[in-house]
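Chain by chain, the residues:
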Amino acid sequence: MNRSFFARNPSVLVFLATLGLATLVITAASEGLGLGLISTSMVKTLGKTLCLALIAVAMDLVWGYAGILSLGHFAFFGLGGYMIGMWLMYERTSQIVTQNLANAPIPPTAEEISDAIGSQIFGVVGSAEFPLIWSFADSLVIQLLLVVAVPGLLALVFGWLAFRSRVAGVYLSILTQAMTLALALYLFQNDSGLRGNNGLSGLQNIPHLDQVPQSVLSVWFLWASALALALGYVFAAWIVSGKFGSVIRGIRDNESRVRFLGYSVERYKLFIFTVTAMIAGIAGALYYPQAGIINPAELAPVASIYLAVWVAIGGRGRLYGAVIGACFVSLISTWFTGGQAPDINLGFYTFAWVDWWTILLGLSFVLVTLFAPKGIGGLFDLIATRNEETQE
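Residues numbered from 1 in each chain as written. Predicted model: local features only at pLDDT ≥ 70, side-chain atom pairs only at ≥ 80, totals over all residues. Heavy atoms only, no water.

## A word on the overall build of the chain
No. 1: When its secondary structure is counted, the chain shows 15 helices and four strands.
No. 2: The globule rule puts the C-alpha radius of gyration for 392 residues at 21 Å, and the 23 Å found for the chain is close to it.
No. 3: Principal-axis analysis of the C-alpha atoms gives the chain an extent of 85 × 60 × 55 Å.
No. 4: Partitioning the contacts of the chain with sequence separation of at least 6, the portion at a separation of at least 24 is 75%.
No. 5: Here the chain displays about 19600 Å² of accessible surface, and carbon together with sulfur accounts for 65% of that area.
No. 6: Placing the 19 positive and 20 negative side-chain charges of the chain at their respective mean positions leaves the two points 17 Å apart. (Helix = DSSP H or I, 4+ residues; strand = E, 2+ residues; numbered from the N terminus. Rg over C-alpha atoms; globule rule 2.2 N^0.38 Å. Contact = heavy atoms within 4.5 Å. Areas by Shrake-Rupley, 256 points an atom, 1.4 Å probe, with all protein chains shown as cover. Lys, Arg positive; Asp, Glu negative; His and termini not counted. Charge placed at Lys NZ, Arg CZ, Asp CG, Glu CD.)

## Observations regarding the pattern of salt bridges
No. 1: Enumeration over the complete set of coordinates arrives at six salt bridges.
No. 2: For R259, the salt bridge is made with E255, and the minimal N-O distance between the two is 3.2 Å. Highlighted residues: R259 and E255, both in helix α10 (residues 255-260), separated by four residues, approximately one helical turn.
No. 3: By relative accessible area, which is 22% here, E255 ends up partly exposed.
No. 4: Between R259 and E266 there is a salt bridge, and its shortest N-O distance comes to 2.4 Å.
No. 5: On the accessibility criterion, R259 (22% relative accessible area) is partly exposed. (Salt bridge = Lys/Arg side-chain N within 4 Å of Asp/Glu carboxyl O. Buried < 20%, exposed > 50% of the residue type's maximum accessible area, 1.4 Å probe, protein only.)

## Notes on the nonpolar core
No. 1: The biggest cluster of nonpolar side chains holds 116 residues, and the ones touching the most others in it are F74, W134 and L229.
No. 2: Aside from chain neighbours lying at most four places away, what touches W134 is M86, Y90, I121, F122, G193, L194 and L200. (Core = buried A, V, L, I, M, F, W, Y, C linked by side-chain atoms within 4.5 Å.)

## Quick look at the packing of aromatic side chains
No. 1: With the rule as written, the count across this model stands at 17 aromatic pairs.
No. 2: Where F76 meets F273, the ring centres are 6.0 Å apart and the plane angle is 85 degrees; that geometry is what we call edge-to-face. Of the two residues, F76 sits in helix α4 (residues 73-101) while F273 sits in helix α11 (residues 265-291), which places them 197 residues apart along the sequence. For the pair F76 and F273, a shared accessibility class is recorded, and that class is buried.
No. 3: Each ring, one from Y287 and one from Y288, has its centre 5.0 Å from the other, and the planes form 80 degrees; the classification is edge-to-face.
No. 4: Its relative accessible area of 0% is what places Y288 among the buried residues.
No. 5: Through pairs of rings, three or more aromatic residues link up here, namely F74, F77, Y287 and Y288. (Phe/Tyr/Trp six-rings, centres within 6.5 Å; stacked < 30°, edge-to-face > 60°.)

## Describing helix α7 (residues 169-188)
No. 1: Here α7 spans 29 Å end to end across 20 residues, near enough to the 28 Å set by a 1.5 Å rise per residue.
No. 2: Those residues of α7 not exposed but buried are L172, S173, T176, M179, T180, L183, A184 and L187. Seen along its axis, α7 keeps its buried residues to an arc of 125 degrees; they face one direction. Within α7, the exposed residues directed more than 90 degrees away from the buried face are V170, Y171 and L185.
No. 3: For α7, the elements touching its buried residues are α4, α6 (140-164), α11 and α12 (301-314). (Expected span 1.5 Å × (residues − 1). Arc of directions from axis to C-beta.)

## Topic: the environment of F244
No. 1: Examined against the element boundaries, F244 turns out to sit in helix α9 (residues 243-253).
No. 2: On a C-alpha basis, the gap between F244 and A104 in space is 62 Å, while along the polypeptide they are 140 residues apart.
No. 3: Contact partners of F244, with chain neighbours within four places excluded, come to I239, Y268, F271 and I272.

## Some words on the packing of α4 against α12
No. 1: Orientation of α4 relative to α12, taken along the N-to-C sense of each, is 115 degrees, at an axis distance of 7 Å. By the angle class used here, α4 and α12 are roughly perpendicular. Relative to α12, the crossing made by α4 is right-handed. From α4, H73, F74 and A75 reach across to α12, where they touch A303, S304, L307 and W310.
No. 2: Of the residues belonging to the contact of α4 with α12, the class tally is five nonpolar, two polar and no charged. (Axes fitted to C-alpha atoms, helices over the stretch in contact; angles between N-to-C directions. Parallel < 35°, antiparallel > 145°, perpendicular 65-115°, else oblique. Left-handed = near helix turned anticlockwise from the far one by under 90°. Nonpolar A, V, L, I, M, F, W, Y, C, P; charged D, E, K, R; others polar.)

## Points about the packing of α4 against α6
No. 1: Between α4 and α6, whose axes approach to 9 Å, the crossing angle comes to 160 degrees. The angle between α4 and α6 falls in the class roughly antiparallel. Judged by the twist between their axes, the crossing of α4 over α6 is right-handed. The residues of α6 that touch α4, namely those facing F76, L79, G80, M83, I84, M86 and W87, are L140, Q143, L144, L146, V147, V150, P151, L154 and A155.
No. 2: A breakdown of the residues in the contact of α4 with α6 according to their chemical character gives 14 nonpolar, two polar and no charged.

## Re a negative patch on the surface
No. 1: Taken together, E111, E112, D115 and E129 make up a surface patch of like negative charges.
No. 2: Along the chain, E112 falls in helix α5 (residues 110-122). (Patch = residues over 30% accessible without salt bridge, like charges linked within 9 Å, V, L, I, M, F, W, Y side chains within 5 Å.)

Here's what the structure looks like:
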């Protein structure tokens, strides 16, 4: 008798119920639609955390299940943010320019409006012309398609070149890191078409929703982030629960044996690498409107390293572990680096969490790798095992 997907994977239902309950509680306590117990900035932080959890799920698929340690997935995350950011910035600027020119004695032409928009967006880098990559910035539908198409295409081309050459292990990790660094350095240039070091700003101001306060918008984005995480988690669980999941786990554990059995290892790797890049792009498209700004520094290789640390601490090879690791580390990081954690005065030295947090995070990664390779998620496995033994 064939059981349903959720019957075979009860942990997915537990995750969805937990996520839904947390979203409802945050909504009820928010300033925009609730009791005002949680500030708007905190709601945005929680919404962004859910986006980070989504990219952590993607990282767990490609690393925890397929064994591909990619140090470039945050580049795909950033590209998704840039794609939606282009529309947000163009449409918002177009709205402002159109309103300002509405009372002009002589109605402006379409070309004059376009030049005015270009000057507002690119004046900071000494230009007023729209680069070719902004050709579809006025279309929300096309930019939404590019959110998944651009990261997916980059991953497809990069993965095809790397996997067909059978680059694996640490060499592949170095190549993905080099790709991320090259992309970040290119975007830092003013002639990249994306405003160089200035990046895209004002993304929190959603076009045509001027009358909606940020307190309400933050809750809407929280809902969207929770929905994206739920769908992404179910999709990832569906992938790893079937034959495909067995094959990629086999590739992770013994690639040569899987190839000997007749499976096209490169195709499986390319598929999972490309799909997870697209998921990362969606996560980035939801994250940066909540952050309000994106610049090339967001694509720095260290961000992808942090992503690997989150998954390792949460427990790679466990989707819920990736979510736990991302949420736990990012929220703790926000607390420590945001100046909310009190400094410790030792008399001869003042221990400032802001200065020591990254060192503590790196130390935690080393300790988890050595003494708790299953991460925080392994604790849930241990509890479940003991419960089963008790019932027996």
